[in-house]
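Observations on the model geometry
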Amino acid sequence: MNPKTNPFHRPFKFRFMSWMRAVTPPNESDASDSVNDNPSLAQTLISASTPFAKTEAFARRRGVIAFLATIMVFSQGVISPVNDANAQTSYPAPAPPSSYAAPPSLQGSAGASTYGQSAYGQSAYGTQPTYGAPQQSYGEAQPSYGAAQPSYGAAQPSYGAAQPGASNPYAAPTYSGGTTYQGGGTLSGPLQDSFPSSPNLAPPVVTQPTVREADLIIQGYPARTGRLMFGGAVNSDAGVTGQITIDERNFDISRWPRSFSDMFSGTAFRGAGQTFRLEAAPGSDFQRYTLQFADPNLLGYLPISMSLSGFLYDRNFNDWDENRLGGRASFGYRVTPDLSVSVGFSGQNVEISDPRVNTVQQLNDVVGDNALYSGMASLIHDTRNSPLQPSRGHYFELSFEQTFGDFDYSTFEAEYRKYFLLRERADGSGKQTLSFGTQLGFSGDETPIFENYFAGGYSTIRGFDFRGASPVINGVEVGGRFQWLNTVEYMFPLTADDAFRGVAFVDFGTVEQDIEIDADNFRVAPGFGFRVAIPMLGPAPLAFDFAFPVAKSEFDDERMFSFYMSAIR
């Protein structure tokens with residue numbers, strides 16, 4: 001037999017085609033698409049298989065061999081597809097099933113993409129996968145993203161309504177950076193490999209706002225800002241005084257009443273955050289009448305405060321009577337919440353009358369009216385946690401004043417007070433505080449007697465009478481041009497409610513006619529006292545102190561007990 005015409009000497013795929021020609025009736029189509037595509041090759045195979053078809057033995061074997069060859073060729077095509085020019089085109093396998101199924105609005109439409117149609121051509125698998133059944137895994141397990149995957153059979157949301165979220169698996173993924181991924185390609189992050197690379201299967205783009213805005217409406221009503229107060233005070237320095245005060249902390253000097261009812265409805269002269277205070281304090285030895293206006297923001301917007309005040313003081317001292325009438329204007333700027341600076345101008349007339357003696361030249365020179373005008377500047381640093389009963393922080397003030405008029409002189413003053421909290425209860429009560437304070441002052445040579453420094457009394461050096469620790473000439477307390485006053489005080493609670501407190505203190509310092517410290521005039525007075533807080537009488541506690549001078553000057557006037565009591569409602 002000629003080997004060239006023997007089918008067993010041909011390649012395996014050609015033998016399969018020849019056998020299929022032999023067993024296929026003439027009216028049936030060939031099962032091989034590649035044979036139909038190559039007629040000349042089919043004719044060659046048919047002519048080659050004709051001699052064997054005439055033998056009966058070969059006819060019986062032909063069916064068995066064709067069946068086995070069909071199984072082998074099919075297995076060979078599935079396991080290792082033939083890379084031949086005449087072989088069927090190989091399409092990529094479908095992507096693994098994704099949690100993002102086609103929505104109902106696109107299922108069954110011409111634009112819907114399925115595994116067996118437009119995206120991949122005619123399917124080699126025959127049966128299309130259904131979305132409601134579990135899909136076949138193609139090679140590797142898909143990662144779990146930590147949450148239950150949506151059910152494919154459930155009704156899917158509409159693209160136009162739902163925003164990206166857990167209930168909308170088709171929304172475009174949005175990450176913390178605000179980037180929305182769309183259109184084909186490879187997604188980064190936890191959704192990598194969740195979508196096929198084909199743009200036809202890309203999820204729709206869902207636009208969501210990156211900025212959320214809402215209107216905030218605040219409705220409020222002003223609290224009570226005006227007060228009418230009545231009170232009185234008794235102390236060892238000024239005797240008995242009464243007090244009547246009108247105080248408005250939300251004053252508006254430009255809001256004049258438009259009708260008679262505005263005067264009683266509380267709308268006139270209110271609303272700008274300004275301060276208006278009118279005070280009358282008549283007393284037995286001391287009288288004070290003041291009118292003050294303050295604006296925290298000059299012209300309504302500048303970070304500069306302004307204060308205007310007028311005053312009338314009348315005081316009966318041991319050696320003369322003094323009456324002051326004047327006014328002051330000051331402007332301040334707050335550098336930080338604790339630091340502020342200010343400048344001011346003042347003018348006043350000081351009238352000295354009823355001198356007790358006429359043997360002191362300094363006193364005789366000022367009897368009558370004295371006109372004084374001055375400009376001043378100050379710096380204040382205040383970190384105290386309370387102005388009335390501080391327990392932490394400090395207070396520091398530097399001031400300079402230049403006076404001219406009937407007298408021409410300069411004044412420099414410095415004050416420093418420091419507070420240390422030693423112990424307190426867990427709830428903040430029961431504070432034990434240690435404090436230290438010092439005052440230093442210098443004045444010029446032409447300073448008049450009524451502007452000199454004096455010491456003695458409750459507010460300077462306890463244990464001495466009011467102005468009783470001052471230089472004396474011919475029995476007249478003339479004061480001095482230099483002062484240095486100090487105090488150290490320890491305050492502690494006596495009751496659990498802090499209504500009663502005890503104090504132990506030492507006051508020391510001196511006032512000199514010239515700028516010097518004379519050991520013979522240096523005063524030291526230790527003592528103790530009590531503080532009684534009565535809320536119904538006002539914020540300031542009642543004070544009762546006992547002091548015992550251990551160092552003093554020859555002409556000082558002593559007073560062991562000093563007190564201060566006030567009530568204001």
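Residues numbered from 1 in each chain as written. Predicted model: local features only at pLDDT ≥ 70, side-chain atom pairs only at ≥ 80, totals over all residues. Heavy atoms only, no water.

1. Quick notes on the environment of Ala281
Tracing the backbone through its elements, the reader meets Ala281 in strand 3 (residues 274-281). Since its relative accessible area comes to 4%, Ala281 is described here as buried. The contact partners of Ala281, leaving out residues within four places of it in the chain, are Gly242, Gln243, Phe286, Gln287, Arg288 and Tyr289. (Helix = DSSP H or I, 4+ residues; strand = E, 2+ residues; numbered from the N terminus. Buried < 20%, exposed > 50% of the residue type's maximum accessible area, 1.4 Å probe, protein only. Contact = heavy atoms within 4.5 Å.)

2. Regarding the side chain of Asp507
Looking at the secondary structure, you find Asp507 in strand 15 (residues 500-512). Residue classification places Asp507 among the buried positions, given a relative accessible area of 1%. Within the structure, Asp507 has its side chain in polar contact with the side chain of Arg462 (distance 2.8 Å). (Polar contact = N/O pair within 3.5 Å; in protein donor to acceptor, adjacent residues only side chain to side chain.)

3. Notes on the pattern of salt bridges
Using the criterion set out here, one finds 24 salt bridges in the structure. We note a salt bridge from Glu279 to Arg288, for which the minimum N-O separation is 2.8 Å. Given the relative accessible area of 9%, Glu279 is considered buried. Exposure remark for Arg288: the relative accessible area of 23% places this residue in the partly exposed category. Linked through salt bridges whose partners overlap, the residues forming this network are Arg462, Glu489, Asp507, Arg531 and Asp545. (Salt bridge = Lys/Arg side-chain N within 4 Å of Asp/Glu carboxyl O.)

4. Quick notes on the environment of Gly480
Relative to the assigned elements, Gly480 resides in the loop between strand 13 (476-477) and strand 14 (482-493). In this structure the C-alpha to C-alpha distance between Gly480 and Ser470, which are 10 residues apart in sequence, comes to 7.3 Å. Discounting residues that sit within four places of it in the chain, Gly480 has contacts with Asn452, Tyr453, Pro471, Val511, Glu512 and Gln513.

5. Some words on the pairing of strand 8 (residues 368-382)
Judged from the 14 bridges that link them, strand 7 (residues 339-353) and strand 8 form a sheet pairing that is antiparallel. Within strand 8, the residue paired with Gln348 across the bridge is Leu372. Two strands pair when backbone bridges link them, and strand 8 and strand 9 (residues 393-405) are joined in this way by 11 bridges, in the antiparallel orientation. Along strand 9, the bridge assignment pairs Ile380 with Glu397. (Pairing = 2+ DSSP bridges.)

6. Section: the packing of aromatic side chains
By the definition in use, this model includes 22 aromatic pairs. Ring geometry for Phe528 and Phe546: centres 5.5 Å apart, planes at 25 degrees, overall stacked. In this pair, Phe528 is assigned in strand 16 (residues 523-532) and Phe546 in strand 17 (residues 542-547), connecting sequence segments 18 residues apart. Residue classification places Phe546 among the partly exposed positions, given a relative accessible area of 25%. Among the aromatic residues, those joined into a ring-pair cluster are Phe528, Phe530, Phe546, Phe548, Phe561 and Phe563. Of note, Lys418 hangs over the ring of Phe420, and the distance from its end group to the ring centre comes to 5.5 Å. (Phe/Tyr/Trp six-rings, centres within 6.5 Å; stacked < 30°, edge-to-face > 60°. Lys NZ or Arg CZ within 6 Å of the ring centre and 35° of its normal.)

7. Topic: the nonpolar core
Ranked by internal contacts, the top residues of the largest apolar core, which has 15 residues, are Trp320, Ile352, Leu363, Val366, Leu372, Ile449 and Phe450. One finds Leu485, Val503, Ala525 and Ala547 within the second-largest nonpolar core, a separate group that totals 12 residues. (Core = buried A, V, L, I, M, F, W, Y, C linked by side-chain atoms within 4.5 Å.)

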